[in-house]
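# Fold and geometry: a report
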Amino acid sequence: MKYMVTGGNRGLGLALCKHFGADSYSRGTGYDITKDIDAIAKISTDYDVVIIQKKTSLNAVELFLIRKFSHKIIYDFDDATMFHELEHRKPLIGKNFKKFLNTINIADIVVAGNDFLASFCKSNVGDVYKLPTPVNTDKYFPLKKEDKRIVSLGWIGVPGSIGHLEKLLPILKNLSKY
């Protein structure tokens, strides 16, 4: 089987490139097939499986061509791409949600990074799988605590969602007194 990965370099696509010799047409390779509409049909037909990672920026014509010329399509995402506006501190107007729905509607299979993300796909796609986003435990590991009374909190997010964390500051300050 021949696999093509486009749109990102994470999880499923990275594993396919590494272990099964999938070809990557992702941003990281310097050539993102989704930016070359003429190449979509030509290249997609050469592969048994096309894996679209994370992208929701594909327009209707691009999605139509990918669906028309691809044998099987897997959409793999681990972020709430449907709410992309929030990442850029823009009001949520649903533009990206529509693109997200268009993308999952052309997919044969969806691989989501968690249950919350998978729940957005289950009514539109027959095969939805959860593949939790991996953490490199050689690089990131829990620190040994000397004092078990000290609580450490971590937060991972994007600039557009910092407002959610800021709303918790009064609560966190109050907790720090104990």
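An account of the accompanying structure is given in this report. Because the structure is predicted, anything quoted here is derived from the model rather than measured.

### Some points on the overall build of the protein
- Helix and strand counts for the protein come out as eight helices and six strands.
- Moving toward the C terminus, one meets the helices and strands of the protein in the order β-α-β-α-β-α-β-α-α-β-α-β-α-α.
- Counting across all 178 residues of the protein, residues that qualify as buried make up 34%.

### Quick word on the pattern of salt bridges
- Applying the stated criterion across every chain yields a total of two salt bridges.
- For Arg67, the salt bridge goes to Asp108, with nearest N and O atoms at 3.1 Å. Of this pair, Arg67 sits in helix 3 (residues 60-69) while Asp108 sits in the loop between helix 5 (95-106) and strand 5 (109-112), placing them 41 residues apart in sequence.
- A salt bridge links Asp115 to Lys130; the shortest N-O distance between them is 3.5 Å. Of this pair, Asp115 sits in helix 6 (residues 115-119) while Lys130 is found in strand 6 (residues 127-130), placing the two residues 15 residues apart along the sequence.
- Residue classification places Asp115 among the partly exposed positions, given a relative accessible area of 48%.

### Describing the layout of surface pockets
- Roughly 230 Å³ of internal volume is contained in the second largest pocket.
- When its residues are assigned to classes, the lining of the second largest pocket shows six nonpolar, one polar and one charged.

### Remarks on a nonpolar patch on the surface
- On the surface, a nonpolar cluster with roughly 480 Å² of combined accessible area is contributed by Leu168, Ile171, Leu175 and Tyr178.
- Mapped onto the secondary structure, Leu168 falls in the loop between helix 7 (162-167) and helix 8 (169-175).

### Examining the environment of Asn96
- Within the fold, Asn96 resides in helix 5.
- Take Asn96: its relative accessible area is 8%, and that puts it in the buried class.
- Between the alpha carbons of Asn96 and Met82 there is a distance of 5.1 Å; along the sequence they are 14 residues apart.

Conventions we followed
Residues numbered from 1 in each chain as written. Predicted model: local features only at pLDDT ≥ 70, side-chain atom pairs only at ≥ 80, totals over all residues. Heavy atoms only, no water. Helix = DSSP H or I, 4+ residues; strand = E, 2+ residues; numbered from the N terminus. Buried < 20%, exposed > 50% of the residue type's maximum accessible area, 1.4 Å probe, protein only. Salt bridge = Lys/Arg side-chain N within 4 Å of Asp/Glu carboxyl O. 1 Å grid on protein atoms, 1.4 Å probe; cavity = no way out; pocket = protein on both sides within 12 Å on 5 of 7 lines; lining within 4 Å. Points joined across faces, edges and corners; volume = space filled by probe spheres on them. Nonpolar A, V, L, I, M, F, W, Y, C, P; charged D, E, K, R; others polar. Patch = residues over 30% accessible without salt bridge, like charges linked within 9 Å, V, L, I, M, F, W, Y side chains within 5 Å. Areas by Shrake-Rupley, 256 points an atom, 1.4 Å probe, with all protein chains shown as cover.

So far we have only geometry, and geometry alone does not tell us how the molecule works.
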